[in-house]
Amino acid sequence: MRARPDLIEHLPRLRRYARALTGEAARADDLVQDTLERALAKLDLWQPGTDLRAWLFTLMHNLFLNQIRAHRPPDSALDEALDIPVSGGQMEALGARDIHAALARLPEPQREVMLLVGLEQFSYDEAARILGVPLGTVMSRLSRARERMRQMLAGEPVVQLKVVK
Amino acid sequence: MTDRVNEDDLHAFVDGSLSDARRLEVEAWLAAHPADAGRVQAWASQNQSLHAAFDSVLNEPLPIHLVRAARRQPARTPYKAIAAALAFVASGLVGYGIGLVSDRSAVNPPLASTQPFVRDAAIAHAVFSPEVRHPVEVEAAHAEHLVSWLSKRVGTELKAPDFAVLGFDLLGGRLLTGESGPVAQFMYQDGIGRRVTLYVRRAAAGKAAENHETSFRHVTENGVEVFYWIDRDFGYALSGQIAPADIRKLAGAAYTQLVGHAGGG
């Protein structure tokens, strides 16, 4: 007999992440609901003793990825290739507090890392596992996200980033 | 003497994931490199802005459809046999109450015979009564505001029953979303921290006429005692994890104080 974990205690944080990720309350709760349904369907695949919260976030990430893939032309990749500087028209200065607008302008892969680390406080390793990417990718996305956001919030034009290594 | 600090170190500094020794080295680096210090400061304030913008979601009432979704039995066939074998146990914060959606209905009255709002009431009790920091949205200190706010949202003049003689004081209340619209939850606590919740919901328009019963009913599910009754178009459910005799007394007091009150009786 295996104890069935309770998903309720994870709901508030799943909702917070989904809200920040999608920027819309209704769409966020739909994503949470899809995540719960998938979690219950796959619960026997979850390893007891491992972090249930991280597992739920992994499911949510996969669902989110499917959603944005479905709404995007097949030839446009989701990876860093999309990370081209935004055009001038989109780069009017944002108010320093306009975190919502700044988040919405981040490419999704960067937004996810930004939120998993900065809001949900997962470690870099956990974020890498949730997203299914190498640690180095998490670090480079985090770096791009934070720099891009810093420039948006400061109203600076986005320039090619130099990486201090 | 500072090792060269790289970009990853600066992020790890912001995210608090450096060892103490490395953190001191990075601090020394930042003191000598104002441009990096400026970026680090900007990143830290981004984290703060994220929390400021989204932490309020943590305290929002959980939509009842999500609470239900989180507690639904997995029904897909490949997992059905396994699911049926899964034991429901009290786990962490809110382990109880789930019996209402579990296969425990074999020993208890089947769900179909229980008013749906009673199940929602027990779930809402299970979700919010263990909360330490935010058990209620509006505290009892603002009782007048609480009652008038909930009354306005639920659509009738509500009253929070007084259980002081039975040792329970009003802790506060919150607004929830039920299937038929807004629902009020009042929470009470006694001297040793036991909590009971009173859930008040108005029937959906058109359903009220069916609900003339005012009899007192009792269900027990995984340790949550629920006494409920229907008064015209209002359903009341008192839930708690205390002895049935105690909660019956509380329910009796609530019934006496409330019957004929809601809806302008």
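Residues numbered from 1 in each chain as written. Chains lettered and ligands numbered in written order. Predicted model: local features only at pLDDT ≥ 70, side-chain atom pairs only at ≥ 80, totals over all residues. Heavy atoms only, no water.

### Let's talk about the overall build of chain A
- In terms of regular secondary structure, chain A is built from seven helices and zero strands.
- Helices and strands in chain A line up, N terminus first, as α-α-α-α-α-α-α.
- Taken across its 165 residues, chain A has 53% of its residues classed as buried.
- Counting contacts in chain A only where the partners sit at least 6 residues apart, residues at least 24 apart contribute 66% of the total.
- Accessible area for chain A stands at about 7,500 Å²; split by element, carbon and sulfur atoms hold 53% of it. (Helix = DSSP H or I, 4+ residues; strand = E, 2+ residues; numbered from the N terminus. Buried < 20%, exposed > 50% of the residue type's maximum accessible area, 1.4 Å probe, protein only. Contact = heavy atoms within 4.5 Å. Areas by Shrake-Rupley, 256 points an atom, 1.4 Å probe, with all protein chains shown as cover.)

### What to know about the packing of aromatic side chains
- Under the definition given, this model contains five aromatic pairs over all chains.
- Judged by centre distance (5.1 Å) and plane angle (45 degrees), the ring pair of Y17 of chain A and F57 of chain A falls under tilted. Within this pair, whereas Y17 of chain A is found in helix α1 (residues 11–22), its partner F57 of chain A is found in helix α3 (residues 52–70), the two being separated by 40 residues in sequence. Both residues of the pair, Y17 of chain A and F57 of chain A, count as buried.
- On the basis of an interplanar angle of 80 degrees and a centroid distance of 5.6 Å, the ring pair of W229 of chain B and Y255 of chain B is categorised as edge-to-face. On the criterion of sequence distance, the pair formed by W229 of chain B in strand β6 (residues 224–231) and Y255 of chain B in helix α8 (residues 244–258) is long-range, its members being 26 residues apart. (Phe/Tyr/Trp six-rings, centres within 6.5 Å; stacked < 30°, edge-to-face > 60°.)

### Here's the deal with unusual backbone geometry
- Even without being glycine, Q121 of chain A reaches a positive phi, approximately 60 degrees.
- As for its position among the elements, Q121 of chain A is in the loop between α5 (108–118) and α6 (124–131).

### What to know about the pattern of salt bridges
- As enumerated under the stated definition, the model contains 16 salt bridges over all chains in all.
- One salt bridge connects E120 of chain A with R13 of chain A, and the closest N-O pair in it is separated by 3.6 Å. Of this pair, E120 of chain A sits in the loop between α5 and α6 while R13 of chain A sits in helix α1, and the two are 107 residues apart along the sequence.
- Taking the relative accessible area as the measure of exposure, R13 of chain A reaches 29% and is therefore partly exposed.
- Several salt bridges converge on common partners, so that one network encompasses R13, R16, R53 and E120 of chain A together with D55 of chain B. (Salt bridge = Lys/Arg side-chain N within 4 Å of Asp/Glu carboxyl O.)

### Some remarks on helix α2 (residues 20–32) of chain B
Residue and element names in this part refer to chain B.
- With 13 residues, α2 extends 19 Å between its outermost C-alpha atoms, agreeing within 8% with the 18 Å of an ideal straight helix rising 1.5 Å per residue.
- The set of residues buried in α2 consists of R22, V26, W29 and L30. An end-on view of α2 places all buried positions within 95 degrees of arc, on one side of the element. For α2, exposure combined with an orientation more than 90 degrees from the buried face picks out D20, A21, L24, A31 and A32.
- Residues of α2 that are buried in the fold lie against α1 (7–14) and α3 (34–54). (Expected span 1.5 Å × (residues − 1). Arc of directions from axis to C-beta.)

### Focus: the packing of α5 of chain A against α3 of chain B
- For the pair α5 of chain A and α3 of chain B, interaxial distance at closest approach is 10 Å and the crossing angle is 85 degrees. Comparing the axis directions of α5 of chain A and α3 of chain B gives the class roughly perpendicular. Across the interface between the two elements, M114, L115 and G118 of chain A of α5 of chain A pack against Q46, N47, L50 and H51 of chain B of α3 of chain B.
- Here the residues of the contact of α5 of chain A with α3 of chain B are counted per class, giving three nonpolar, four polar and no charged. (Axes fitted to C-alpha atoms, helices over the stretch in contact; angles between N-to-C directions. Parallel < 35°, antiparallel > 145°, perpendicular 65-115°, else oblique. Nonpolar A, V, L, I, M, F, W, Y, C, P; charged D, E, K, R; others polar.)

### Focus: the pairing of strand β2 (residues 168–178) of chain B
Residues and elements named next belong to chain B.
- Looking at chain direction, strand β1 (residues 138–139) and β2 are connected through two bridges and run antiparallel. Bridged to E139 within β2 is G172.
- Relative to strand β3 (residues 181–190), β2 runs antiparallel, the two being bridged by 10 bridges. Looking across to β3, one finds that G172 is bridged to M187. (Pairing = 2+ DSSP bridges.)

### Remarks on the nonpolar core
- The biggest cluster of nonpolar side chains holds 87 residues, and the ones touching the most others in it are L11 and L103 of chain A.
- With 11 residues, α3 of chain A is the single largest residue contributor to this core.
- Judged by nonpolar contacts, the second largest core, of 28 residues, contains F186, V200, Y236 and L238 of chain B. (Core = buried A, V, L, I, M, F, W, Y, C linked by side-chain atoms within 4.5 Å.)

### A closer look at the pairing of β3 of chain B
- For β3 of chain B, the tally of buried residues reaches eight of 10 residues, placing the bulk of the element in the interior.
- In sequence, β3 of chain B turns back onto strand β4 (residues 195–202) of chain B through a hairpin of four residues, with G193 of chain B there showing a positive phi of about 85 degrees.

### So, the environment of L250 of chain B
Residue and element names in this part refer to chain B.
- Its location among the elements puts L250 in helix α8.
- On the accessibility criterion, L250 (1% relative accessible area) is buried.
- Along the primary structure L250 and F168 are separated by 82 residues, whereas in three dimensions their C-alpha atoms are 8.8 Å apart.
- The residues contacting L250, other than those within four sequence positions of it, are F163, L166, F168, V196, L238 and I242.

### Remarks on the side chain of D29 of chain A
Residue and element names in this part refer to chain A.
- Structurally, the position occupied by D29 is in helix α2 (residues 25–41).
- On the basis of relative accessible area, D29 is assigned to the buried category, the value being 12%.
- Polar side-chain contacts of D29 include one of 3.0 Å to the side chain of R15. (Polar contact = N/O pair within 3.5 Å; in protein donor to acceptor, adjacent residues only side chain to side chain.)

### A look at the side chain of R53 of chain A
- Relative to the helices and strands, R53 of chain A resides in helix α3.
- In this view, R53 of chain A contacts H10, R13, E120 and F122 of chain A; residues no more than four positions away in its chain are not counted.

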